[in-house]
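Topology and contacts: notes
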Amino acid sequence: MKKSTKKICSVLLLAGAMLMSFTSCLNSDDTPPFTAEDAHMAFLAVQGTHTGKLIFQSTENGVNVNDTVAISWNIQSDSVMTINNFPFQSVAASVQDSDIRNAMLAAAPQNVKCNIGFYSKSPVAFLINPLMASFSATINGTTKQIQLAFYQNINQSMGLYDTSGRFAMQIVAAAVLVNGTQQQLFSQGIPLFFLENK
């Protein structure tokens, strides 16, 4: 699971460059209105299952390092996407409470349903609004429901696919809740990058 820092940094720089170049193309004032037919065409370009890697920060010997795990996501319609087997460990390094952090490290991956909305067809671009992910854990003899919330309706939570077949996505973790009560807010957000294998 651990990769060389140099390789991960180069992948992150590439992903950042892709996001910047795509979004700059989308900010033109002379762009015609985006129609329902455009959204359907954009969906057809990316529908189905995609495999790649999730890039995130973890902790090794008390030091934050970049890490990756294999992951897949499925775009079922022009409004629904599922991230398969999302690992809670991808945000655990940022959790302050050691009991909750350890529970997240031990938690089984969960599918995360996302509401999506296409807004460009060339390149294909869509907003991603992940629903809350949750699992049960026993902490100090008590069963607790631990939930991970994601930021909604922000520009940084998006997917991009260009004509050369490059596919990158990012979602942003917002907070950890325990039994429905906010335990920790990630005020700066925790970016989670997805890159499709090519």
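In short, a report on the structure. A quick note: this is a predicted structure, and the numbers were derived from the prediction, not measured.

Glancing now at the overall build of the protein chain. Secondary structure summary: the protein chain contains four helices and ten strands in total. For the protein chain, the succession of helices and strands along the chain, N to C, is α-α-β-β-β-α-α-β-β-β-β-β-β-β. Taken over 198 residues, the protein chain has a buried fraction of 45%. Here the contacts in the protein chain between residues at least 6 apart in sequence split such that 59% fall between residues at least 24 apart. For the protein chain, the accessible area works out to roughly 10100 Å², and carbon and sulfur atoms hold 50% of it.

Inspection of the secondary structure puts Lys121 in strand 4 (residues 110–121). Taking relative accessible area as the criterion, Lys121 reaches 41% and is therefore assigned partly exposed. Spatially, the C-alpha atoms of Lys121 and Ala39 are 6.9 Å apart, while their sequence positions differ by 82 residues. Not counting chain neighbours up to four residues away, the residues in contact with Lys121 comprise Phe34, Asp38, Met41 and Ala42. Within the local environment of Lys121, its side chain forms a polar contact with the side chain of Asp38, the two groups lying 3.1 Å apart.

In this section: the pairing of strand 9 (residues 167–178). Regular strands have side chains that alternate between both faces of the sheet. When you tally the buried positions in strand 9, you get twelve out of twelve residues, the bulk of the element. Examined bridge by bridge, strand 8 (residues 158–161) and strand 9 share four bridges and lie antiparallel to one another. Across the sheet, residue Met158 finds its bridge partner in strand 9, namely Gln170. Where strand 9 meets strand 10 (residues 181–196), ten bridges bridge the pair, whose relative direction is antiparallel. In the sheet register, Leu177 faces strand 10, and the bridge partner there is Gln182. Remark: two residues form the turn of the hairpin made by strand 9 and strand 10, two consecutive strands paired antiparallel; Asn179 in that turn has positive phi of roughly 50 degrees.

What the rule picks out here adds up to three salt bridges. Measuring nitrogen to oxygen at the nearest pair gives 2.5 Å for the salt bridge that ties Arg166 to Asp162. Judged by relative accessible area, Asp162 falls into the buried class, the value being 8%. Among the ionic pairs, Glu196 bridges to Lys198, the shortest N-O distance being 3.8 Å.

Scoring rules and cut-offs
Residues numbered from 1 in each chain as written. Predicted model: local features only at pLDDT ≥ 70, side-chain atom pairs only at ≥ 80, totals over all residues. Heavy atoms only, no water. Helix = DSSP H or I, 4+ residues; strand = E, 2+ residues; numbered from the N terminus. Buried < 20%, exposed > 50% of the residue type's maximum accessible area, 1.4 Å probe, protein only. Contact = heavy atoms within 4.5 Å. Areas by Shrake-Rupley, 256 points an atom, 1.4 Å probe, with all protein chains shown as cover. Polar contact = N/O pair within 3.5 Å; in protein donor to acceptor, adjacent residues only side chain to side chain. Pairing = 2+ DSSP bridges. Salt bridge = Lys/Arg side-chain N within 4 Å of Asp/Glu carboxyl O.

None of this, on its own, says anything about what the molecule does.
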